[in-house]
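The primary structure of each chain is shown beneath.
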Amino acid sequence: MKPQITGMLVAPAAALMFGVFVLPFLFLLVLSFWSQVPGSLGLDTSFTLANYVRIFGDSYYLGGLWTTLWLSGLVTLICLVLALPLSRWIVLRAGRAKGLIIGLSILPLVCGALLPTLGLVNLLSPLGFINGALKSMGVIQSSLPLLGNITGVTIGLVQAFLPLMILPLITTMERLSQDYEKAATSLGARPVVVWQRILLPLLLPGIVAGSLLVFCASLTAFVTPQVLGQGKVVTFASLAYQQAALVLDWPFASALAIVMLIFLTLAGVLGALVTRNFGRVA
Amino acid sequence: MRTRLSDALSLVVVLTILLFILAPILVLIFSAFDGGNIFRFPPRFYSLRWFEAALNHPEYRSSLWISTLLGVISTLIAVTLASLAAFGLVRGRPRYGLALEVLLLAPLTLPLVVWAIALLSIYAELGMNGTLPGLILAHVTITLPFAARIMIATFKEIDPRLEAAAKSLGAPPSAVLRRITLPLALPGLLSSTAIAFLVSFNDVVVTTLIAGAGWITFPVRTFSRLRTEGIDPTTIAIGAMIVVFTIVLIVVGQRLFQLSRRL
Amino acid sequence: MTETPYLSIRSVGKSYRGVTALHDIDLDVEQGAFVALLGPSGCGKSTLLQILAGLLEPDHGEVRLAGADITRLPPWKRNIGLVFQNYALFPHLSIRQNVRFGLDMMGMGATEAEARVDEALAMVGLDPGLSRRPDELSGGQQQRVAIARAIAIRPRLLLLDEPLSNLDAVLRQKVRLELRELHNRTGITTIMVTHDQAEALATADRIAVMEAGRLLQYEAPQGLYRNPATAFIAGFIGNPAANLLPVIAHDGASWSLPGGALWQPDAALSPARNGVATGAACRMALRPETLALGPAAPGGLAGRIAAVEFTGGEHLVHVEAGQTRLSVRLPAGTPIEGPDIWLFPPKEGPLLFDANTGRRLPNPN
């Protein structure tokens, strides 16, 4: 193919992604050093660190940041624990049902953030599925608090982002020959040792990729925390959303967004370091 | 005996996890048939009244129409642009091909909410907030990477020697495209169309920030109602319909052309 | 050579991103010939094939077919049949539709096209009633379909790209015979790319040996075998290929071998008789089937048997001599006494090559 034709084919999409997707991130950085003219939508374009000072000087925002970080870590860990056996079963045991099961496991991904959350509300609410069922069986007298707290948000995030862990794990596992395991077993390794010394190191790239995806998605999620937390769980992304959509303080919202980006970058660097240092060493 | 027991045990564990993934969606469908004003379990009676109410509700009807319109337009644009670019990247192998690919797929890895905040303030500067072109542009941007990823994989799977063989048999480029490349890329094209439409139709993260008052999609309307009035049964009924539509699309796509392999 | 050849390739060259894949290639092919382009992978033979098919444009040079310049003619206007290594059958079309594709492209009417499909399928020995899809066929059958598809358009030239390499060993022998028979029947001028010298020797009328983007020798199979132009060809043609013994002329009568041992061969093989100056380094090609083994005697080369392979009709004896390993083919049943043994090359003009350039040294007589 002639280079000119290649250029003509790729240019529209590339220009769109650069102009509409990449440039706004640069604008965001600039915006976060500006400030809002009080009481208006106007922007004061003089350089200021006020937005960042406000974030790191206020226990409200710092608390939100801290909550979000450990919540995202917890969600990532739970997703990993659930996705490992599920992916392995899908790859090794699912047989002809494999395609269908993968299709069903990715449903939360294509249903958007909102619709599964609607179902979760009815599942977790005081009158909902779980509490109703437990009460009618006489297991509990009064409803368990599953909504409007960190429990509900955690459940919602795990449910929403589990596919992000499953897909890379399945890809990695499918590439992995089963012979390694057989070889290790024939050399006298027990299942625990096989996992520890053979499978986990070989699956590490998939684990890291999945963990990064889940961690980043959780860190920036605001729909699920808002709905399931019912305003009582303050996450960093929902703070940014409030500032952007409701308070309309865009410079401050930008600063919050930049702080999120910084933590995402740190997570990415950490992931790369982990893969590099432990990838092949058992 | 031991292996059979552990097999059964692992099956139970796997099914439980699957159930956990699907539970919210199943509950959503189930609770749409609850006849009461507030969902409670076990339901006191079942009815279709909320489906009826949903379909007659003017606000929801306009929202569904907006979601559909936005989804169709954005999907057409995104799939077209993505397919052209993917074909160029795979067959033309331009010099900075990898960088271009990363650029096209960037929204899959970078947080959309961060981007949407930026877009919101840029749109405000340009007076594009709450306009249809602004919304379409945003939706093309978030759906294009999905389509691009699928189409890049699709074209990579098509052996260029098939195209060369057709040429040697006397087929000029237009005939090669029509009779070889397009038929072979069809599963990928259908997959990316389905995924792009679902992503656009179900998006709330980006749309809720830039939609404004004029073009309220169904997820945006639902999200704002959830925050102000809590959950209402009409929403559940529509949500259930959308989820069923999504499931049908995914299952059919999976059967016909192994859609998840392409994600 | 006054008549213009059917296919002529004149100083065709091609480089990719600064790396030269083909140096000025000159090659003529007569109408109806079966020519093999033989060489290891990366030698440029596939590049040359793609230039003939029109899938690549050469940087310079000219390709003429039946008197017309086709160098820049697009592939779909060339009417040149091409069979790919992986067959490249269209997976979404049935077998008949695959074979018919080229005929449809000509705008041929349905009745005529169907008849031509039948004819092409019959030609390669496939049942014309075949309505299945390509992926339901075995590798050997897929290849027949690919050939039928290429010959259905009655091409002016048939190009085969490693046609046998995706088949198992038994099938390969069978199909290579069939390819030759098909060529005898159709008379289509055929050019086959291969890295397998046995394949080239068995099927082609003439073989063009290529290495590192250059044409080394263009010759009929027997000529190539008897008179290899370079040490590379001598060490490549034949099964097993010729042994290449590194030697340095010690004086007019004897050679020194790697490791310092001296070898005084029969006078016909001596440096003086072959015009090799004292101190010059050469490689002597010794064909495995021409070597004899025996007890110590004048003119022999001392060695030690490392291993003996039995291949059914013969023994393949591997001998260590002068720090080099030489293979010797002996008819089955020949008594072999070892491990210490003497090697005796034939007493005719040896094949000697310059150690640096690899070129053949002229025979003295």
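Let us look at the structure shown here. All values reported here derive from a predicted model rather than from experimental measurement.

1. Focus: the nonpolar core
Counting residues in hydrophobic clusters, the biggest one holds 256 residues, and the most contacted among them are L144 of chain B together with I191 of chain C. Those residues in contact with L144 of chain B that sit more than four places away from it in its chain are A13, L16 and M17 of chain A together with A78, L81, A82 and L104 of chain B. Ranked by size, the runner-up nonpolar core spans 24 residues in total, among them W255, M284, L301 and V328 of chain C.

2. Let's talk about the packing of helix α6 (residues 114-124) of chain A against helix α10 (residues 218-229) of chain B
Close contact between α6 of chain A and α10 of chain B brings their axes to 10 Å; oriented N to C, the two are set at 35°. Regarding α6 of chain A and α10 of chain B, the two cross each other, and that crossing is left-handed. Here L114, L115 and L118 of chain A of α6 of chain A come into contact with α10 of chain B, specifically with F218, P219, T222, F223 and L226 of chain B. Residue composition of the contact of α6 of chain A with α10 of chain B, grouped by class: seven nonpolar, one polar and no charged.

3. Thoughts on the sheet that holds strand β17 (residues 314-321) of chain C
Either a parallel or an antiparallel arrangement is found when strands of a sheet pair, and the pairing is made through backbone hydrogen bonds. All names here are of chain C. Read across the sheet, five strands follow the order β15-β19-β16-β17-β18 without closing on themselves; strand pairing throughout is antiparallel. Edge strands, defined here as strands with exactly one partner in the open sheet, are β15 (292-294) and β18 (324-331). Ignoring which end each strand starts from, the neighbouring axes of this sheet average 45° apart. The pairing of β15 with strand β19 (residues 340-344) spans three bridges and is antiparallel. Considered in β19, the bridge of A292 is made with F344.

4. A short note on the arrangement of the chains
Ranking the two pairs of chains in contact by contact count places chains A and B at the top. In this view chain A stays clear of chain C, with the nearest C-alpha atoms of the two still 11 Å from each other.

5. Quick look at the interface of chain B and chain A
In this complex, chain B contributes 81 residues to the contact, which on the side of chain A involves 77 residues. Here chain B and chain A share an interface that buries about 7000 Å² over both sides, 84% of which is from carbon and sulfur atoms. Where chain B meets chain A, there are one salt bridge. Notably, a salt bridge pairs R93 of chain A with D7 of chain B, separated by 3.1 Å at the nearest N-O pair. Joining chain B to chain A, the criterion identifies six residue pairs in polar contact (both at pLDDT 80 or more).

6. A few points about the sheet that holds strand β20 (residues 351-354) of chain C
Residue and element names in this part refer to chain C. Taken together, five strands build an open sheet; the order of strands is β13-β12-β11-β14-β20 and the sheet is antiparallel. The open sheet has two edge strands with one neighbour each: β13 (262-263) and β20. Sheet analysis places strand β11 (residues 243-249) next to strand β12 (residues 255-256), joined by two bridges and oriented antiparallel. Bridge pairing in β12 links A249 to W255.

7. Concerning the pattern of salt bridges
Residue and element names in this part refer to chain C. Per the counting criterion, the structure on display carries 27 salt bridges over all chains. For R96, the salt bridge identified is with E114, shortest N-O distance 2.7 Å. Taken together, the residues R96 in helix α2 (residues 95-105) and E114 in helix α3 (residues 110-123) connect sequence positions 18 residues apart. Exposure remark for R96: the relative accessible area of 16% places this residue in the buried category. On the basis of relative accessibility, which here comes to 28%, the residue E114 falls in the partly exposed class.

The rules behind the values
- Residues numbered from 1 in each chain as written.
- Chains lettered and ligands numbered in written order.
- Predicted model: local features only at pLDDT ≥ 70, side-chain atom pairs only at ≥ 80, totals over all residues.
- Heavy atoms only, no water.
- Core = buried A, V, L, I, M, F, W, Y, C linked by side-chain atoms within 4.5 Å.
- Buried < 20%, exposed > 50% of the residue type's maximum accessible area, 1.4 Å probe, protein only.
- Contact = heavy atoms within 4.5 Å.
- Axes fitted to C-alpha atoms, helices over the stretch in contact; angles between N-to-C directions.
- Helix = DSSP H or I, 4+ residues; strand = E, 2+ residues; numbered from the N terminus.
- Left-handed = near helix turned anticlockwise from the far one by under 90°.
- Nonpolar A, V, L, I, M, F, W, Y, C, P; charged D, E, K, R; others polar.
- Pairing = 2+ DSSP bridges.
- Buried area = accessible area lost by both parts, 1.4 Å probe.
- Salt bridge = Lys/Arg side-chain N within 4 Å of Asp/Glu carboxyl O.
- Polar contact = N/O pair within 3.5 Å; in protein donor to acceptor, adjacent residues only side chain to side chain.

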